[in-house]
There are 2 protein chains.
Amino acid sequence: MTSIKDIAAKAKVSIGTVDRVLHDRGRVSDETRNRVQRIVRELGYRPNIHARNLSLKKVYRFAVIMPRLSQDSEYWKFPANGIDKACRELEMYKVSATYFLFDRYSNASFGRAFREALGSNPDGLLIAPVLSRIAEELIPTIPQGLPYVFFDSSIPGTDCLTFIGQDPFQSGLLASSLLQSITGGEGNVAVIKVMPDDFHLRERIRGFLTGVEGGKTMTAKLFEVDSHGGEPAFADVVGRIVKELVPLKGIFVSNAWTHSVARSMQALSAANGVTVIGYDLVPKNLHYLEQGLIGFLISQCPSTQGYEGIYSLYEHVVLREKVKQTIMVPIDILTKNNVKYYRG
Amino acid sequence: MTSIKDIAAKAKVSIGTVDRVLHDRGRVSDETRNRVQRIVRELGYRPNIHARNLSLKKVYRFAVIMPRLSQDSEYWKFPANGIDKACRELEMYKVSATYFLFDRYSNASFGRAFREALGSNPDGLLIAPVLSRIAEELIPTIPQGLPYVFFDSSIPGTDCLTFIGQDPFQSGLLASSLLQSITGGEGNVAVIKVMPDDFHLRERIRGFLTGVEGGKTMTAKLFEVDSHGGEPAFADVVGRIVKELVPLKGIFVSNAWTHSVARSMQALSAANGVTVIGYDLVPKNLHYLEQGLIGFLISQCPSTQGYEGIYSLYEHVVLREKVKQTIMVPIDILTKNNVKYYRG
DNA sequence: TGCATTTGCGTGTGCGTTAACGCATCTTTG
DNA sequence: CAAAGATGCGTTAACGCACACGCAAATGCA
């Protein structure tokens, strides 16, 4: 471990000069600066984090901009758990996170959260840009030099520090592959597109349909349902599915509303022989998975996403290390037999 | 954050006295000791980890006792990766690990590794007690107060700090459930028990058979194969399976030798319509999974096991915190469609 | 030339903990 | 009863870094 002292000795200057070079606070001649910088590189100097934290008074505050925790069947609680866990681990490094939550269906609400977050003068942003239209508009207003990390979904063309998420196309492909294994590659399956949709959700469906096309003789039919309609809307679409597709082998649901489909299937006594595949280990889905009314859930490691998001900011802002540009989380397959070992 | 200074002030003693009380190195009157201890409790004092590390010269060395990395189809490289990752993260806390590898099939070799590990005077042990007989014998010789963590498998009746592993029974149950979904709950499946076996492996098979019994009309037949016989032994048993069980719907392999089964199935051109389920993301299994000759692999998050093992020791020895008694890792289901997002 | 400002650098202090050291008091021992 | 040891406690120097301060020398400006 080379310390600032070793550098100073080798460069024949004082530690004060080395400090000025490292922190770029001027008052150093070009010649000295270059010499010190060369030696820093040569010795692979990395500041001792303990010494730094001992002397540093600065606290690091990260702003988290994401949907309200209760929305999407309480899905957002999971990323929040990961964020909280990371903050607990990094507490001694003076890292903290503040939430700015928005209504997942309101651009105005996103805008408010976004502005409030920036107004709090944070050291970094962790954003779930589920409302891509408004996010795309506001991202450029982030001050130069303020790092921001996307999780869940991304906004192309921005220079975010890191993106953490799942490959939605591949997850759809996986779902279709599972369903084909079970049906023997034959029969009717329904694809439920839950509206309002977003890029992520469309990619899942595209992946699923691509898988079906590449398979044998399984046929898939797309159904749309507006989630604002709540349970009745799902009951309605499931009713249509059961009537139209005979014999029905499986249903693919494009997001966490899977439980509403399972519930409707149960209500119609139509669940027998039909495999329901959907997304996310939210409490209601867990219930139907355990009952056997949902066959598989695909999980996108939401708490990991939150956790890694904070860590990415920490490594960049506090440790000043290079961080990964993208972190793809695993596509976890959950059944009633392994679900108890996943915590989201 | 209350510091040792605050305690000293409140107790009207010097920080030296507080330090002596905290570290229990005598030379303090009972009255003073009690007063200080009370204040420590009242103020909820926790040492500042940065200050501690800055002043501490002690390095923590953990000894890792596990099979040679090349064994079990290179399975053990994965836990080693997790261990290395943890060590990299904890490098600044002066934590390091030393490997003491043994031959997975030799009690004498385990004994040697064990004695060498103890001889190196470590601050903690991380052990994969795959040779349960000899391990059971040697564990009691661990000096009092030296913490040890088991991963992969456990030795009941010992007071290890933590056990990290997977529920093997449940993983077998999961495998049978997957196979029943695919076969529609009917037809013949083969169960391959790879010898020499151990508790873990037997539990997986017990789980699988329990699942089959609870199902519909699927019938399972058990086959044993000695892994010392290598590829020919597997070719032989697969030949028998294909001949005996007609029509064959699936094969469950109890450990990482799954690739040899897939290979033999391919050689016999008997892979069509047969779903092979086995364990562990070792390189050869990955290959056959991608080819579609292995349908599912069950992974036990081996790198996580190594990672968590080191962390458990770290938290106990360095931070002196309470740690979890058992950590059950998820039962990951891998297919060719999601495998690329798992790194073991 | 004289004075003010800037530039280049070294010094010193604080952060909280550890642990070696040392100074008084007592207590035991020959 | 003096010497030797034990007891109870305070003092202080690291540990590596951040940052304020201050002192010369160099430079600018009149």
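In this convention, every chain numbers its residues from 1, walking through the sequence in written order. Chain letters and ligand numbers both follow the written order, the letters beginning at A and the numbers at 1. pLDDT decides what is reported in this predicted model: residues at 70 or higher carry local features, side-chain atom pairs at 80 or more are listed and counted, and totals for whole chains, interfaces and linings draw on all residues regardless. The side-chain figures draw on all heavy atoms in the structure; neither hydrogens nor water molecules are used.

1. Points about the domain arrangement of chain A
The split of the chain into domains comes from an automatic or database domain assignment. Considered domain by domain, chain A is made up of domain 1 (4-46), domain 2 (60-165 + 302-329) and domain 3 (168-299). Summarising the inter-unit geometry, the C-alpha centres of domain 1 of chain A and domain 2 of chain A are found 35 Å apart.

2. Comments concerning the sheet that holds strand β6 (residues 188-195) of chain B
Residue and element names in this part refer to chain B. A pair of strands is considered paired only if DSSP assigns at least 2 bridges between the two. Each helix corresponds to a stretch of at least 4 residues labelled H or I by DSSP, and each strand to a stretch of at least 2 residues labelled E; elements are numbered beginning at the N terminus. Read across the open sheet, the 6 strands follow the order β7-β6-β8-β9-β10-β12; overall the sheet is mixed. Pairing within the sheet leaves two strands with one partner each, and these edge strands are β7 (219-226) and β12 (332-334). Averaged over all adjacent pairs, the angle separating strand axes in this sheet is 20 degrees, with direction ignored. Direction of pairing for β6 relative to β7: parallel, over a ladder of 8 bridges. By the bridge assignment, Val191 is partnered in β7 with Leu222. With axes taken as lines fitted to C-alpha atoms, and helix axes fitted only over the stretch in contact, angles between N-to-C directions fall between 0 and 180 degrees.

3. Here's the deal with the protein's contact with DNA strand D
Throughout, the term near means that a residue has one or more heavy atoms lying within 4 Å of the molecule or strand in question. Neighbouring residues of DNA strand D: 26 residues in total, closest Ile4 and Tyr45 of chain A together with Ser14, Thr17 and Thr32 of chain B. Of all atoms in DNA strand D that approach within 4 Å of the protein, 58% are sugar or phosphate atoms. A 3.5 Å cut-off defines polar contacts: any pair of N or O atoms within that distance qualifies, except that in protein one atom must be a possible hydrogen donor and the other a possible acceptor, and neighbouring residues in sequence count only when both atoms are side-chain atoms. Arg27 of chain B is positioned such that a nitrogen or oxygen atom in its side chain is 2.8 Å from a base nitrogen of DNA strand D. Every element with two or more residues in the surface near DNA strand D is listed here: α1 (4-11), α2 (15-23) and α4 (49-55) of chain A together with α2 (15-23) and α4 (49-55) of chain B. Residue classes follow a fixed rule: Ala, Val, Leu, Ile, Met, Phe, Trp, Tyr, Cys and Pro count as nonpolar, while Asp, Glu, Lys and Arg count as charged, and any other residue, Gly among them, counts as polar. Among the residues forming the surface near DNA strand D, the class breakdown is 10 nonpolar, 10 polar and 6 charged.

4. Considering the pattern of salt bridges
Residue and element names in this part refer to chain A. Any carboxyl oxygen of Asp or Glu within 4 Å of a side-chain nitrogen of Lys or Arg constitutes a salt bridge here. Under the criterion given, the structure shown has 27 salt bridges over all chains. Between Glu42 and Arg38 there is a salt bridge whose closest N-O contact spans 3.1 Å. On the criterion of helical spacing, the pair formed by Glu42 and Arg38 is a turn pair, its members being 4 residues apart in helix α3 (residues 30-43). Among the salt bridges present, the one from Glu321 reaches Arg46, with a minimum N-O distance of 2.9 Å. Of this pair, Glu321 sits in the loop between α14 (302-317) and β11 (326-328) while Arg46 is found in the loop between α3 and α4, placing the two residues 275 residues apart along the sequence.

5. Thoughts on the protein's contact with DNA strand C
By nearness alone, 25 residues border DNA strand C, and Ser14, Arg20 and Arg27 of chain A together with Ile4 and Tyr45 of chain B come closest of all. Measuring from a base oxygen of DNA strand C, one finds a backbone N or O atom of Leu54 of chain A at 3.5 Å. Interatomic distance of 3.4 Å between a side-chain N/O atom of Asp19 of chain B and a base nitrogen of DNA strand C. Listing elements by their share of the surface near DNA strand C, those giving two or more residues are α2 and α4 of chain A together with α1 (4-11), α2 and α4 of chain B.

6. Quick notes on the relation of the copies chain B and chain A
Copies overlap after least-squares fitting; the atoms used are the C-alpha atoms of residues with pLDDT of at least 70 in both. Take chain B, turn it by 180 degrees, move it 0.2 Å along the axis, and it overlays chain A with an RMSD of 0.5 Å. Both copies are brought into coincidence by an operation consistent with a two-fold rotation axis.

7. So, helix α7 (residues 107-119) of chain A
Residue pairs spaced three or four apart in an α-helix point in one direction, given the helix's 3.6 residues per turn. All names here are of chain A. Taking 1.5 Å of rise per residue, the 13 residues of α7 would be expected to cover 18 Å, and the 18 Å separating its terminal C-alpha atoms lies within 8% of that figure. Relative accessibility thresholds used throughout: buried, under 20% of the residue-type maximum; exposed, over 50%; partly exposed, between the two (1.4 Å probe, protein chains only). Looking at α7, one finds that the buried residues are Ser109, Phe110, Gly111, Ala113, Phe114 and Ala117. Looking at the packing, one finds that the buried side of α7 touches β1 (60-67), β2 (95-102), β3 (124-127) and α8 (132-138). Asn121 lies just past α7 and shows a positive phi near 55 degrees. By this rule the span expected of a helix is its residue count minus one, scaled by 1.5 Å. Any two residues whose heavy atoms approach within 4.5 Å at even a single point are treated as in contact.

8. With respect to the interface of chain B and chain A
Between chain B and chain A, the contact holds 30 residues from the first and 31 residues from the second. The term buried area means the drop in 1.4 Å probe accessible area that two parts suffer when joined, counted for both and summed. When chain B packs against chain A, the two sides together hide about 2,800 Å² of surface, and 60% of this comes from carbon and sulfur. Remark: the boundary between chain B and chain A carries 17 residue pairs in polar contact (both at pLDDT 80 or more). Those elements that place two or more of their residues in the side of chain B that touches chain A are α4, α9 (168-183) and β12 of chain B. The leading source of residues in the side of chain B that touches chain A is α9 of chain B, at 7 residues. Along the lines of polarity and charge, the residues of the side of chain B that touches chain A split into 17 nonpolar, 9 polar and 4 charged.

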